[in-house]
Protein chains: 4
Amino acid sequence: MSTPIRAGIVGATGYTGFELVRLLSAHPHVELAFAVSRRDAGKSLGELYPTPLDVPLQAPDEVDPRSADVLFLCLPHGTAQEWTRRGLEAGAVVIDLSADHRLRDPATYRRWYGLEHAAPHLLSEAVYGLTEWNREALRSARLIANPGCYPTSILLALGPLLKTGLLEEATVIADSKSGVSGAGRSPKVSSLFVEVNENLKPYNIGHLHRHVAEIEQEFAVLGGSRAPANLIFSPHLLPVSRGILSTIYVPWPVGWQEGALRALYAETYAHEPFIWLLPPGQTATLAHTVHTNRCAISLHPVPDQGQLIIVSTIDNLVKGAAGQAVQNMNVRFGLDETAGLT
Amino acid sequence: MSTPIRAGIVGATGYTGFELVRLLSAHPHVELAFAVSRRDAGKSLGELYPTPLDVPLQAPDEVDPRSADVLFLCLPHGTAQEWTRRGLEAGAVVIDLSADHRLRDPATYRRWYGLEHAAPHLLSEAVYGLTEWNREALRSARLIANPGCYPTSILLALGPLLKTGLLEEATVIADSKSGVSGAGRSPKVSSLFVEVNENLKPYNIGHLHRHVAEIEQEFAVLGGSRAPANLIFSPHLLPVSRGILSTIYVPWPVGWQEGALRALYAETYAHEPFIWLLPPGQTATLAHTVHTNRCAISLHPVPDQGQLIIVSTIDNLVKGAAGQAVQNMNVRFGLDETAGLT
Amino acid sequence: MSTPIRAGIVGATGYTGFELVRLLSAHPHVELAFAVSRRDAGKSLGELYPTPLDVPLQAPDEVDPRSADVLFLCLPHGTAQEWTRRGLEAGAVVIDLSADHRLRDPATYRRWYGLEHAAPHLLSEAVYGLTEWNREALRSARLIANPGCYPTSILLALGPLLKTGLLEEATVIADSKSGVSGAGRSPKVSSLFVEVNENLKPYNIGHLHRHVAEIEQEFAVLGGSRAPANLIFSPHLLPVSRGILSTIYVPWPVGWQEGALRALYAETYAHEPFIWLLPPGQTATLAHTVHTNRCAISLHPVPDQGQLIIVSTIDNLVKGAAGQAVQNMNVRFGLDETAGLT
Amino acid sequence: MSTPIRAGIVGATGYTGFELVRLLSAHPHVELAFAVSRRDAGKSLGELYPTPLDVPLQAPDEVDPRSADVLFLCLPHGTAQEWTRRGLEAGAVVIDLSADHRLRDPATYRRWYGLEHAAPHLLSEAVYGLTEWNREALRSARLIANPGCYPTSILLALGPLLKTGLLEEATVIADSKSGVSGAGRSPKVSSLFVEVNENLKPYNIGHLHRHVAEIEQEFAVLGGSRAPANLIFSPHLLPVSRGILSTIYVPWPVGWQEGALRALYAETYAHEPFIWLLPPGQTATLAHTVHTNRCAISLHPVPDQGQLIIVSTIDNLVKGAAGQAVQNMNVRFGLDETAGLT
């Protein structure tokens, strides 16, 4: 690569933004064009984190999106739409790590986020950045909607089954457990050390919520006419900093043998650099994937009881956010997909 | 109580044994007769734990079971049988916290524990000490089989449904998460701080194992002819010292309304001092029950998707072991059931 | 006790306030008169914490201080002065857990807290509630200034040396480590799980600060004309919820033997129910004291290198705050000093 | 580098050995020749750790030291001597991460390790691998004694003062706190999660021990005739997986101003890639250095009280062990010193 890709980051001081700065700073083909922080403009990143990365933080109106080839948005939902417009107008590729372009239907967006979307036409244009499943569309995308962390862990675990129609009409139960960084760096009581430590806290149990809408949308995309009927999604807050582990229960596909199921997964993911399919007898744990862009998947067949259990783990800040964003950038710009990620 | 109950503890130096020493030392109606430790005989408990309790540890052959009214066995399975014989012959009530008397069928015991039981007739005599469900039988028991920690958390959560036949033919999924003290104090790599910390580790996923045999046995006892068909049980090792949280998925009982289900639980557990039924909108967490003998239960109905989710938490060392043992002793000796437990 | 002591708590929803509610609710001679929370008035404590304690929270102007015999103030400094006035006027004993009455000199108070004290005469009247050292004065106190958590751990460790003049002109180095609950329940980035977990963070190293002023004041009180010259105090934030451990370095007292020093400590604290002097060869750890009102102290002589090292631990929320407040109440009202604390 | 350096690792399955495998596997100029594990020969590293690194473990007599250019020994002390002999005879450079070649005097070795050294002449030949201070000697070393983790954190913090003679006759107090991986992966009660979690445990307080011998030896090397008189070293076990933080107290150098001291450090370490000198107002924390080969140092002058406080942090497995070993290899083989370490 003779000319580096110039990357701008908006929202550089949250956990996701900082992870992205770290990844891009070490990326062999990227040059950091700017890092925006509304609240901390004028400071250096080293004043906010114990890092030697000496990145100046700029105010939103101090930067020119035209100085970036790619714009990463690490913003709360609602606030990414204006930056998307600015980025696209400036000719940059926009990779939106917020939830603002994940749902394709403006009405669904309104329902879950309580906002009228400012540019509904972009909802249908945006490419959903679950890299392993949308690689072709990503190569020419102007706007990439980076998936949520929970959806990434669940969709990668179920992709082979969905594509093959094996979850048709199924009720899928996803019992997910996430580290605290998923809640962001905004100070709130529920993220305090004393509240989380030595505790395990299920939340939104039995409720439909935003991640369910995103996952069910992709169930329909991947499963087509043979999509699952339902998702029961139970998130739990774990006393760890990073990582998501999903324990997923689906009905055993009638007529299938264990070997055939394992072969389906092996073939589907044979050439994927970041999917780590564990051999029989091993179980995915958080330690398999934290601080990496990998997704580890283990299959646990219980055909006698009519169940297949799948365990998947990712690092919520890497494959669940900043790492997958870089992976999507690599695909979009024709780089080695693993550049800066190993 | 004019005369205190004399309690002997065998296996006083594991986490369960030490918890029992703590509880009994503060119990208003109990006097500690002896504490046995094969390995640490001759030492004081204060040499093994940071505790001011100055309890001498004695060798097995140094103590006379006749000096105890009740004998608590905190031993590995297999080794509790000989002590049970000694205790019963000496006229003591035996409360066995090991797994040696939980299964009623000698063949099932052999299958799961790989041993021929030394006194199969005691398997049918032993009363399963899930206090809330077996109180009457406990009042006159000679031998009490204290339940396992996972079974306690799952059976208390499902008791009202089982008794009413609402789980007939159901597949029950219990996604359970446990603190590390459940693995005991024997040094092994998998319990080391560095292995557990910042990790979440599912184990035995999709396997039948000992706790499943125990739970399914009690499903049959409580559910009778209308018992569930299956239990899918997925334990996970949490990076916390204490506590079990079970997230349980069962089919929504056809024809029932949420209000009626809540009323069923409220009535069933109306007078139970240690069952804490949370109001709608609250979710049980580990913090609700650690360091107490309580079991917290929250109901999360999803009738539209045909599911009922139940979350239950206990402290594995208290309600899941030593606390329930004391509760059973209280019942057996006609004491206030909460004595020494609040 | 025929008539219970009526206790009011102001500021019941912070970590210290909640700990106090827990202790007083289980105290055999106390009745909770009211619990005040400006922010959460109208709620129950059970809405803020996972607790079955169903304590209603009231607004400041809803309660009548005359309904309390003792008023506990768990407030930020600055705001406790007005409540102190109200409590004293109503005839209640006031136990102030804030820093508002710990410093005796109004100028020192102004210097460290940046405020003019509203009632400087109360600074000289207030009795410093380090129970073990001020028991006599506490018996008739109207206003008790409950000590800070760090000062409690350091002063109890050094008391015997100070009283005997053995630290005359010494430089004392206290390297202290504290759990996160000491920073309170107000949400701030520095107390978030992700910031504290897997980290150790020294703060205010080499700076004089408020706790130093408090400790040096008490050095002068206990040491009189033979007080130490200096205190070097280095606090560190530990990834634990509770507990303070201070490792204290002082010059070896010239001419003393180890046995004589140990005897000095043993005699000084011989009848203290909450001071736990460890035998030679044992070292105080957090686990010795968390969830108790004890202070554990171990002595580590290094006479050949001219040093004495003392390790002391307390639970910052118990002996370092709420527990010592209850202990002081017990002394003040002529109760058994350990009531409600074991 | 056309020809990669062939590296052999002996003792590849402990925490240090595994860290070394990770570092070397990603090193651009190294090829892993073999990995030896006496206990786990025949297995793959992936069976012991959640890693995709598919490294076969070989028995000691299966490997030929001549197939390696450099031999890393991650062994318990005592057992590294035989491998050192084998490696040197085969013509390999030996980097010994055990304590077997750190002490130069056979009598001192015998005193602290209770063993007669098998090759006392190697004690004087071995170069102490504190890279920043011994770089020249390392370039031609046959045998490199990699420093202990505590000594690394303390010596790097004090190096500039020692070299300038500013600690002449001083008593140095090092209050050090270490993560649990420093205790190794051998299962023992004191390293269990439940023992370490929510605890802080000082150990060997006031005792002379092996690390003191090593540090005092290097005090003499760096300080020469103006070395410190004493080291008081207090290690504490922290509830974190990785990292060492040392809070070090030394007398303020008479006649020096803060600016001059800071300049001394800045100049000494101006060109060091792994020494991170923090600016005034910032304090080193574990988070500054975990998972890196850096040593972070912050200076906290208290001249009015006659003290200088220095805080230093490293990752005990990286700069305190495997990372520094790689750094030493880089120096020894003429590579970029940071290769494989950033």
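Because the structure is predicted, anything quoted here is derived from the model rather than measured.

**Quick look at unusual backbone geometry**
In the Ramachandran plot, Glu198 of chain B falls in the positive-phi region, its phi being about 60 degrees despite a non-glycine side chain. Locating Glu198 of chain B in the fold gives a position in the loop between α7 (193-196) and β8 (201-202). The backbone of Asn204 of chain D sits at a positive phi, close to 60 degrees, despite the residue not being glycine. By secondary structure assignment, the location of Asn204 of chain D is in the loop between β8 (201-202) and α8 (210-223). The exposure class of Asn204 of chain D is partly exposed, given its relative accessible area of 35%.

**Considerations on the side chain of Asp100 of chain C**
All names here are of chain C. Mapped onto the elements, Asp100 comes out in the loop between β4 (93-96) and α3 (106-113). Despite its burial, Asp100 pairs with no opposite charge; the closest candidate is Arg102, at 8.8 Å N-O. Here the side chain of Asp100 touches Gly78 through a polar contact of 2.8 Å, landing on its backbone nitrogen. Residue contacts for Asp100: discarding those within four places in its chain leaves His77, Gly78, Thr79, Ala80, Gln81, Tyr109, His117 and Leu123.

**Regarding the sheet that holds strand β3 (residues 70-73) of chain A**
Residues and elements named next belong to chain A. Pairing is parallel in the open sheet, where 6 strands are placed in the order β2-β1-β3-β4-β6-β5. Strands at the two margins of the open sheet, each flanked by one partner only, are β2 (30-36) and β5 (127-128). As paired elements, strand β4 (residues 93-96) and strand β6 (residues 143-145) share 3 bridges and run parallel to each other. Bridge assignment links Asp96 to a residue of β6, and that residue is Ala145.

**Some remarks on the relation of the copies chain B and chain A**
At an RMSD of 0.0 Å, chain B and chain A line up after a rotation of 180 degrees and a shift of 0.0 Å along the axis. Within this description, the copies of the chain are treated as partners about a two-fold rotation axis. When the interface residues of chain B are mapped onto chain A, 100% of them again fall at the interface, so both copies present the same face.

**Some words on the relation of the copies chain A and chain C**
Between chain A and chain C, which share one sequence, the superposing operator has a rotation angle of 180 degrees and an axial displacement of 0.0 Å; the RMSD is 0.0 Å. Of all interface residues in chain A, 100% are interface residues in chain C too; the two copies therefore contact each other through one and the same surface.

**As for the interface of chain B and chain A**
Counting residues at the interface gives 38 residues for chain B, matched by 38 residues for chain A. Looking at the side of chain B facing chain A, the largest losses of area belong to Glu198, Leu200 and Gln305 of chain B, adding up to 20% of the total buried there. Salt-bridge contacts for Lys177 of chain A lead to Asp175 of chain B; the nearest nitrogen and oxygen are separated by 3.0 Å. Taken together, the links from chain B to chain A amount to 22 residue pairs in polar contact (both at pLDDT 80 or more).

**Examining the pairing of strand β4 (residues 93-96) of chain D**
Residues and elements named next belong to chain D. Neither face of β4 is left uncovered, since the one carrying Val93 and Ile95 and the one carrying Val94 and Asp96 both have all their residues buried. The pairing of strand β3 (residues 70-73) with β4 spans 4 bridges and is classified as parallel. From the neighbouring strand, Val70 faces β4, where its bridge partner is Val93. Handedness of the β3-helix α2 (residues 80-89)-β4 crossover: right-handed.

**Observations regarding the environment of Asp96 of chain B**
Residues and elements named next belong to chain B. Mapped onto the elements of the fold, Asp96 is located in strand β4 (residues 93-96). For the pair Asp96 and Val10, spaced 86 residues apart in sequence, the C-alpha separation works out to 9.7 Å. Look past the residues within four positions of Asp96 in its chain and what remains in contact with it is Leu73, Ala80, Thr84, His101, Leu143, Ile144, Ala145 and Asn146. A polar contact of 2.8 Å, which involves the side chain of Asp96, links it to the backbone nitrogen of Ser98.

**Things to note about the nonpolar core**
Judged by nonpolar contacts, the single largest core of 86 residues is most densely connected at Phe72 of chain B together with Phe72 of chain D. Those residues in contact with Phe72 of chain D that lie beyond four places of it in its chain are Ala7, Gly8, Ile9, Val10, Leu20, Leu24, Ile95, Leu97, Ala325, Val326 and Met329 of chain D.

**Focus: the packing of helix α6 (residues 149-163) of chain D against α8 of chain D**
All names here are of chain D. Between α6 and α8, whose axes approach to 10 Å, the crossing angle comes to 25 degrees. By the angle class used here, α6 and α8 are roughly parallel. Note on packing geometry: the crossing formed by α6 with α8 is right-handed. Contact residues: α6 offers Cys149, Tyr150, Pro151, Ile154, Leu155, Leu158, Leu162 and Lys163, while α8 offers His211, Glu214, Ile215, Glu218, Phe219, Leu222 and Gly223. Among the residues making up the contact of α6 with α8, the classes are represented as 10 nonpolar, 2 polar and 3 charged.

**What to know about the domain arrangement of chain A**
Buried accessible area, meaning the area lost when the parts come together, often serves as the stated size of an interface. All names here are of chain A. The assigned domain composition of chain A is domain 1 (5-125) and domain 2 (150-316). Inter-centroid distance (C-alpha atoms) of domain 1 to domain 2 is 27 Å. Counting from both sides, the interface comprises 14 residues of domain 1 and, opposite them, 13 residues of domain 2. Across the domain 1 to domain 2 interface the summed buried area is about 1200 Å²; carbon plus sulfur atoms make up 50%. Joining domain 1 to domain 2, the criterion identifies 3 salt bridges. The partner of Glu19 in a salt bridge is Arg242, with the nearest N and O atoms 2.5 Å apart. At the junction of domain 1 with domain 2, the criterion picks out 7 residue pairs in polar contact (both at pLDDT 80 or more). Looking at which element gives the most residues to the side of domain 1 that touches domain 2, the answer is helix α3 (residues 106-113), with 4 residues. In terms of residue class, the side of domain 1 that touches domain 2 is built from 6 nonpolar, 3 polar and 5 charged.

**Concerning the interface of chain A and chain C**
Listed as interface residues are 18 residues of chain A and, on the opposing side, 18 residues of chain C. When chain A packs against chain C, close to 1600 Å² is buried across both sides, 66% of that on carbon and sulfur atoms. Of all residues in chain A, the largest losses of buried area upon contact with chain C belong to Leu192, Phe193 and Val194 of chain A, amounting jointly to 39% of the total for that side. The tally of links from chain A across to chain C stands at 2 salt bridges. Where Glu195 of chain A meets Arg185 of chain C, a salt bridge forms, and the shortest distance between an N and an O atom there is 3.0 Å. Here the side of chain A that touches chain C gets 4 residues from one element, more than from any other, and that element is helix α7 (residues 193-196) of chain A. Its residues placed into classes, the side of chain A that touches chain C shows 10 nonpolar, 5 polar and 3 charged.

**Some words on the confidence of the model for chain A**
Across chain A, the average pLDDT comes to 96, with 99% of residues at or above 70. The ipTM, which scores confidence in the relative placement of chains, is 0.97 for this predicted complex, and the corresponding pTM is 0.97.

**Some thoughts on the pattern of salt bridges**
Side chains bearing opposite charge may pair, as long as their charged atoms lie close to each other. Residues and elements named next belong to chain A. Applying the stated rule across the entire model yields 88 salt bridges over all chains. Linking Arg22 and Glu19 is a salt bridge whose minimum nitrogen-to-oxygen distance equals 3.1 Å. In this pair, Arg22 and Glu19 both sit in helix α1 (residues 15-25), 3 residues apart, roughly one turn of the helix. Judged by its relative accessible area of 38%, Arg22 is partly exposed. Linking Glu89 and Arg85 is a salt bridge whose minimum nitrogen-to-oxygen distance equals 2.9 Å. Linking Glu89 with Arg85, this pair stays in helix α2 (residues 80-89), spanning 4 residues, or about one helical turn. Overall, the relative accessible area of 37% leaves Arg85 in the partly exposed class.

Cut-off values and rules
- Residues numbered from 1 in each chain as written.
- Chains lettered and ligands numbered in written order.
- Predicted model: local features only at pLDDT ≥ 70, side-chain atom pairs only at ≥ 80, totals over all residues.
- Heavy atoms only, no water.
- Helix = DSSP H or I, 4+ residues; strand = E, 2+ residues; numbered from the N terminus.
- Buried < 20%, exposed > 50% of the residue type's maximum accessible area, 1.4 Å probe, protein only.
- Lys, Arg positive; Asp, Glu negative; His and termini not counted.
- Salt bridge = Lys/Arg side-chain N within 4 Å of Asp/Glu carboxyl O.
- Polar contact = N/O pair within 3.5 Å; in protein donor to acceptor, adjacent residues only side chain to side chain.
- Contact = heavy atoms within 4.5 Å.
- Pairing = 2+ DSSP bridges.
- Least-squares fit on C-alpha atoms with pLDDT ≥ 70 in both.
- Buried area = accessible area lost by both parts, 1.4 Å probe.
- Right-handed = clockwise from strand over helix to strand, strands pointing away.
- Core = buried A, V, L, I, M, F, W, Y, C linked by side-chain atoms within 4.5 Å.
- Axes fitted to C-alpha atoms, helices over the stretch in contact; angles between N-to-C directions.
- Parallel < 35°, antiparallel > 145°, perpendicular 65-115°, else oblique.
- Left-handed = near helix turned anticlockwise from the far one by under 90°.
- Nonpolar A, V, L, I, M, F, W, Y, C, P; charged D, E, K, R; others polar.
- Domains from an automatic or database assignment.
- pLDDT = per-residue confidence, 0-100.

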